[in-house]
Amino acid sequence: MARINCLLLFTLFAISFALIAAQVTSTEEDDLENGVDVQEKLLNKLRKKVPRSLPPLDLKYRQVAVKIDIYQIVDVNEKDGLMTVKLFVYYWYNSPSAKWDPAEYNGTRMLAVPKDTFWTPDLTIQSAMRINYDAYDKQTVWSSGFIITRSTVVSAIMSCDFTVTYFPYDKQECAFEISPMITHDGIYTVTVPQAGVLPLAYYQDNDQWELLTPVPIETVTGPYLHSSKFNYTFIRVTVDLARRPLYYLVIIVFPIVTLYLFSGLTFFVPAGSGEKTGFAVTLLLGEVVAFGTLSEIFPDSSTGFPLMVYFVSSVTLHMSFLCLVAIMVVSIHNWTDKYMSPTLLKIIQSPHLKYLFLNPYESPNGASAEGNNSPPASGKGQKLSKVSESSVDNNGNVDNEGLSPRSGGSNGEDGGEDTGVKWQVLAAVIDRFFLISHVIVILMNIVYFRTIIL
């Protein structure tokens, strides 16, 4: 019985071993069919022939080819002088030692390997503040000996020299260079297999900036920093951008110009309403707020100063002067001095006031201007300072032998109401004169800055 049990156990063991062997054989056959074993053998062979840390000794033509294209202009930060751009970047070279016969490796013509498996050129974007490799990071080897060491999408934040002089119709130029960090032309040179311009095959438009085409790309040779015996070659790409101005015209320029035009309404506010000066000051404060908005956009630089800031400064000065005019007009309108100089009388009685759409002043009762404008005894240009034996009523009206400002006077002197009318007419003349001047200055200011900005 014991022998039968041993025989059964041996039989089961043999069957299990046979099944396991068959499974292993099947797995190896599947691996061979999928090329896994072939690819491992090929990779091991390439690792022995192609160096990882140094350029291959058989680097063909001692050249590294670079292909680059712009995918998108992500952001342009003029205040900080930075441009964020997405690029398609390809680096490759040819090493004969990396060739193989596809027929010997199950028809394999291309092999993708982890990054830094083989030598990667020390190329970088010189002006980049930060570089992120967003996508594919593997190296690719072809049976013809070509090794693509980098083929990916790059997000780069680049330092640029911007000028905002002609904002919002400004154009910006930002050039970036792709160059070796350590090596020189004695080790390898950089070439561009492109016809002088970027193809822009997959470019995505930016809603704020227009990319001006064509985008030139060129190779430049310069002296090597560490030795005068060698030169080094780098690639320069020049990106020209033009701002799309609609957003800033609506959000910034339109409110500034609108307040500037509305400032003329100050002259239509009656001087006696008590609101004329307050209206002018309110508009002035609105223009001052524009400085804070512009300071958030423009760089803190004294070179390439924006013409828009000059325009807002001129508008602010103009409206400050408008506030002074409003104060002056209100003061003259409420003036109570009985005496007015003959020159001012001639102005308010001039028939030429019709060109200002005003009626000349006429003396009451047909009195002449000279006889109706006698200076007080205490001197010219002073108020009624000498009042003898006068009486003051509850309303503050002075009555002193016909010299009351509210009653008709003897000795050919006009009444107080007529005196107020003269100053009110003079205030209206000054107000109307500055209104016309204000309109002319506004038009000249806007036309001038529009001309130089465009």
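Whatever comes next refers back to the structure up there.
Everything numeric here is computed off the predicted structure, so don't read it as measured data. (Residues numbered from 1 in each chain as written. Predicted model: local features only at pLDDT ≥ 70, side-chain atom pairs only at ≥ 80, totals over all residues. Heavy atoms only, no water.)

Novice: So what exactly am I meant to see when it comes to the overall build of the protein here?
Specialist: Assigned secondary structure in the protein consists of 7 helices and 14 strands. Looking at the protein residue by residue over its 454 residues, the buried ones come to 40%. Pairs at least 24 residues apart make up 73% of the contacts formed inside the protein by residues separated by at least 6 positions. As displayed, the protein offers around 26100 Å² of accessible surface, 59% of which is attributable to carbon and sulfur atoms. (Helix = DSSP H or I, 4+ residues; strand = E, 2+ residues; numbered from the N terminus. Buried < 20%, exposed > 50% of the residue type's maximum accessible area, 1.4 Å probe, protein only. Contact = heavy atoms within 4.5 Å. Areas by Shrake-Rupley, 256 points an atom, 1.4 Å probe, with all protein chains shown as cover.)

Novice: For this particular structure, what's the right way to read the state of the cysteines?
Specialist: Simply put, the disulfide is a covalent bond whose two ends are the sulfur atoms of two cysteines. Counted under the stated rule, the structure contains 1 disulfide. Disulfide partner of C160: C174, at an S-S distance of 1.8 Å. Sign of the S-S torsion, about -55° for the bond between C160 and C174, identifies this disulfide as left-handed. Of this pair, C160 sits in the loop between β7 (146-159) and β8 (171-180) while C174 sits in strand β8; the two residues are 14 residues apart in sequence, bridging distant segments of the chain. (Disulfide = S-S within 2.5 Å.)

Novice: Whenever I open this one, unusual backbone geometry confuses me. Can you help?
Specialist: Glycine aside, a negative phi is what most residues show, and trans is what most peptide bonds show. The omega torsion of the bond from F167 to P168 falls at 5°, within 30 degrees of zero and hence cis. Looking at where P168 falls in the secondary structure, it is placed in the loop between β7 and β8. The omega torsion across T213 and P214 is 0°, close enough to zero to call that bond cis. Although it is not a glycine, R62 sits at a positive phi angle of roughly 50°. By the element assignment, R62 lies in the loop between α2 (36-49) and β1 (63-77). Positive phi, normally seen in glycine, also occurs at F357, with a value near 60°. Relative to the assigned elements, F357 resides in the loop between α6 (342-349) and β13 (391-392).

Novice: What exactly am I supposed to notice about the pairing of β1 here?
Specialist: Look at any regular strand and the pattern is simple: side chains alternate between the two faces of the sheet. As judged from the 3 bridges shared by β1 and strand β9 (residues 189-191), these two strands associate in the parallel manner. Each bridged residue has a counterpart across the sheet, and for A65 the counterpart in β9 is T191. Here β1 hands over to strand β2 (residues 82-94) after 4 residues, with G81 in that stretch at a positive phi of 70°. (Pairing = 2+ DSSP bridges.)

Novice: Explanation requested: the packing of aromatic side chains in the structure shown.
Specialist: What characterises a pair of aromatic rings is the spacing of the ring centres plus the angle enclosed by the ring planes. In the structure shown here, the tally under the stated rule is 15 aromatic pairs. Taking 5.2 Å as the distance between ring centres and 85° as the angle between the ring planes, the aromatic pair formed by Y247 and Y248 counts as edge-to-face. Where F311 meets F449, the ring centres are 5.3 Å apart and the plane angle is 70°; that geometry is what we call edge-to-face. Separated by 138 residues along the polypeptide, F311 in helix α5 (residues 307-333) and F449 in helix α7 (residues 416-453) bring together distant segments of the chain. Each member of the pair F311 and F449 is classed as buried. Linked through ring pairs, F167, Y247, Y248 and F298 together constitute an aromatic cluster. Sitting over the ring of Y133, R150 keeps its end group 4.2 Å from the ring centre. (Phe/Tyr/Trp six-rings, centres within 6.5 Å; stacked < 30°, edge-to-face > 60°. Lys NZ or Arg CZ within 6 Å of the ring centre and 35° of its normal.)

Novice: Just checking my understanding: could you explain the packing of helix α3 (residues 246-262) against α5 for this structure?
Specialist: Orientation of α3 relative to α5, taken along the N-to-C sense of each, is 20°, at an axis distance of 11 Å. What the angle tells us is that α3 and α5 run roughly parallel. Handedness of the crossing formed by α3 with α5: left-handed. Contact with α3, carried on its side by V253, I256, V257, L259 and Y260, involves M308, F311, V312, V315, H318 and M319 of α5 and no other residues of that element. Of the residues belonging to the contact of α3 with α5, the class tally is 10 nonpolar, 1 polar and no charged. (Axes fitted to C-alpha atoms, helices over the stretch in contact; angles between N-to-C directions. Parallel < 35°, antiparallel > 145°, perpendicular 65-115°, else oblique. Left-handed = near helix turned anticlockwise from the far one by under 90°. Nonpolar A, V, L, I, M, F, W, Y, C, P; charged D, E, K, R; others polar.)

Novice: I'm lost on the pairing of β8 in this one. Help?
Specialist: For β8, the tally of buried residues reaches 7 of 10 residues, placing the bulk of the element in the interior. As paired elements, strand β4 (residues 123-125) and β8 share 3 bridges and run antiparallel to each other. In the sheet register, T124 faces β8, and the bridge partner there is S179. As paired strands, β8 and strand β12 (residues 231-243) are joined by 8 bridges and run antiparallel to one another. Considered in β12, the bridge of I178 is made with I235.

That's the geometry; what it means functionally is another story.
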